[in-house]
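Commentary on secondary and tertiary structure
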Amino acid sequence: MRRIAHISDLHFGRTDPAVVEGLVEELNREPPDLVIASGDFTMRARRSEYAEAQAFMARLPRPWLAVPGNHDISPFHLWQRFFHPFRRYRRYIAPETEPVFQDDEIAVVCLNTVRTWAPETDWSQGKITRAQIRRTEARLAVLPPGLFRIVVAHHPFMPPPWDEEARLVGRADEALAAFQRHGVGLTLAGHLHRGYARFAAPNPDGPPRAELNRSEVSTHPTRLLAVQAGSATSTRLRGNEPNAYNRITIADGTATVQVRLWTGQGWCDAAESGSARCASAE
Ligand SMILES: [Fe+2]
Ligand SMILES: [Fe+2]
């Protein structure tokens, strides 16, 4: 069994100090096996914000894994944004923007979906390149069978149930199809500051199940659950949703997601939860 805490959109520079302290206490009280932070550590990628984020991450139980969010590259210093966009992220958070984690039960592959520039006015939206999809597929293909496979990115792969038109990460469909071909059971993301979980549709472009390589996918049905986290510590809340994070348990090839909500005094379980059956489980 593995227990994962999925936190997102911390946004140091606009946090509630009581929530920050409460989250440090909560995650240290019963330390999970792994903490995953799906981006937006800061508001404007300022040094002071990064220093706060770094101090916060240092107080969390280890190991932890992270990806950057669109707020983690500077909107002010264009030279830095275009030529060294992740210099501060690498210095204060982690040297890798696409880390990989693997133990004898789970494998986690991270994707950096942040764009430094876009041919539209809104540069905050994320995208996955075809090269990233190929690289992720190559990483997934060499994993031993039987590991529960998780992909992490900042931008969402599936829209909220209440807004089917919501903007997703660019190439979301292509990426989901690739993940499903390789037996990924969960994607974890943030950006929208709203928590929800949805099953991806069965892969329409995938080969017939009989042709799937046994070393990559077992005979269990592929069900990929796309999980979104709310903002863990920021005061930039949307839709009357309180600060939140996801507590994920993976056991016997099944992932169960429990949303934890900040009540003002502490954290409690939200009523809703989702679960996914992992395709790669034996
Ligand atoms: Fe955010
Ligand atoms: Fe974001």
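In case you missed it, the structure is sitting above this.
Summary of the structure given here. (Residues numbered from 1 in each chain as written. Chains lettered and ligands numbered in written order. Predicted model: local features only at pLDDT ≥ 70, side-chain atom pairs only at ≥ 80, totals over all residues. Heavy atoms only, no water.)

For the iron ion (ligand 2), the full set of protein donor atoms is D40 (OD), N70 (OD1), H154 (NE2) and H191 (ND1), and the range of their distances to it is 2.1 to 2.3 Å. Here the iron ion (ligand 2) is ringed by four donor atoms whose angles at the metal span 89 to 158°, and the overall shape comes out irregular. When the donors of the iron ion (ligand 2) are listed by position in the chain, the intervening gaps give D-x29-N-x83-H-x36-H. In this structure the iron ion (ligand 1) is found 3.5 Å away from the iron ion (ligand 2), and D40 serves as a bridging donor for the pair. You can see N70 sitting in the loop between β3 (64-67) and α3 (78-83) and its partner H154 sitting in the loop between β6 (148-152) and α6 (172-181), a full 84 residues away along the chain. (Donors = N, O, S within 2.8 Å, 3.2 Å for Na, K, Ca; no water. Tetrahedral: all angles 85-135°; square planar, octahedral: opposite > 155°, others 65-115°. Helix = DSSP H or I, 4+ residues; strand = E, 2+ residues; numbered from the N terminus.)

What describes a pair of aromatic rings is the distance from one ring centre to the other and the angle between the planes of the rings. Per the stated rule, a full pass over the model turns up seven aromatic pairs. Measuring from ring centre to ring centre gives 5.5 Å for W162 and Y196, while their planes differ by 80°; the resulting arrangement is edge-to-face. Placement of the pair is W162 in the loop between β6 and α6 and Y196 in strand β8 (residues 196-199), with a sequence separation of 34 residues. Taking the relative accessible area as the measure of exposure, Y196 reaches 8% and is therefore buried. Grouped by ring-pair contacts, the aromatic residues Y245, W262 and W267 constitute a single cluster. Of note, R223 hangs over the ring of F199, and the distance from its end group to the ring centre comes to 3.7 Å. (Phe/Tyr/Trp six-rings, centres within 6.5 Å; stacked < 30°, edge-to-face > 60°. Buried < 20%, exposed > 50% of the residue type's maximum accessible area, 1.4 Å probe, protein only. Lys NZ or Arg CZ within 6 Å of the ring centre and 35° of its normal.)

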